[in-house]
Amino acid sequence: MTDTVLVTYGTTNGSTAEIAEAVADVLRKAGLTVEALPARSVTSVARYDAVVVGGGLYAGRWHKDARRFVRRHRALLAERPVWFFSSGPLDASASERDIPPVRGVQRAMARLEVREHVTFGGRLEEGAKGRVAKMIVRSGKGGDFRDFGAIEAWAGGIADALTHA
């Protein structure tokens, strides 16, 4: 059984952080010790038995903090079970079908033998940071498209894999 899990994320406006916290809560309820931390603040993954990495999607790329985290820690990540998630589509598409990981995430998954990847809908609302984000909100294409039932179900699968390992 795995004891300590890191749930880490790259986010600009907080939506991916909230998804990461929801994943961490499910893992805690399954009896695991979990830390949820921004990817840029993690200095080592050595003390974690498993890692979940999430990144917001921006212009077809994973958030830079998530990309840098995976690059910086790839040697130790390759030695433990790892799951990835992305957040971003500002429509219902993530709830309607499986959205494959973007190219950079696919490469990292192959190198690290990541167990699974899932894409969840994103959230972009009034007050969002960034010129493009503000334009999207002004054009009426913002909103909250996260499906917390799906997020919790996915995290439950991770909890099962870790507690029955």
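Residues numbered from 1 in each chain as written. Predicted model: local features only at pLDDT ≥ 70, side-chain atom pairs only at ≥ 80, totals over all residues. Heavy atoms only, no water.

### A few points about the pairing of strand E3 (residues 50-58)
Here's step 1: In terms of burial, E3 is largely enclosed, as seven of its nine residues are buried.
Here's step 2: By the bridge criterion, two bridges tie E3 to strand E4 (residues 61-62) in an arrangement that is antiparallel. The residue of E4 that forms the bridge with Tyr58 is Arg61.
Here's step 3: Counted along the chain from E3 to the antiparallel partner E4, the turn is two residues long, and its residue Ala59 has a positive phi close to 50°. (Buried < 20%, exposed > 50% of the residue type's maximum accessible area, 1.4 Å probe, protein only. Helix = DSSP H or I, 4+ residues; strand = E, 2+ residues; numbered from the N terminus. Pairing = 2+ DSSP bridges.)

### Structural notes on the environment of Ala94
Here's step 1: Structurally, the position occupied by Ala94 is in helix H4 (residues 93-96).
Here's step 2: Along the backbone, Ala94 and Tyr48 are 46 residues apart, and their C-alpha atoms lie at a distance of 29 Å.
Here's step 3: Those residues in contact with Ala94, other than ones at most four positions away along the chain, are Pro89, Ile99, Thr119, Phe120 and Gly121. (Contact = heavy atoms within 4.5 Å.)

### Points about the environment of Arg67
Here's step 1: Among the structural elements, Arg67 can be located in helix H2 (residues 64-72).
Here's step 2: With a relative accessible area of 27%, Arg67 lands in the partly exposed category.
Here's step 3: Taking C-alpha positions, Arg67 is 9.7 Å from Tyr9, a pair spaced 58 residues apart along the chain.

### Details of the nonpolar core
Here's step 1: Core analysis: the largest hydrophobic core is formed by 26 residues, its most contacted members being Val5, Val7, Val23, Leu27, Val52, Phe85 and Trp154.
Here's step 2: Secondary-structure elements contributing two or more residues to this core are strand E1 (4-10), helix H1 (15-29), strand E2 (33-38), E3, strand E5 (82-87), strand E6 (116-120) and helix H7 (148-163).
Here's step 3: A total of eight residues in this core trace back to one element, the largest contributor, which is H1.
Here's step 4: The residues touching Val7, leaving out its near neighbours within four places in the chain, are Ala20, Val23, Ala24, Leu27, Val34, Glu35, Ala36, Leu37 and Val52.
Here's step 5: The next biggest cluster of nonpolar side chains, apart from the first, holds 20 residues, and it includes Ala39, Val42, Trp62 and Ala66. (Core = buried A, V, L, I, M, F, W, Y, C linked by side-chain atoms within 4.5 Å.)

### As for the side chain of Asp65
Here's step 1: Counting through the fold element by element, Asp65 comes out in helix H2.
Here's step 2: Polar side-chain contacts of Asp65 include one of 2.8 Å to the side chain of Arg40.
Here's step 3: Beyond its immediate sequence surroundings of up to four residues, Asp65 is in contact with Gly10, Ala39 and Arg40. (Polar contact = N/O pair within 3.5 Å; in protein donor to acceptor, adjacent residues only side chain to side chain.)

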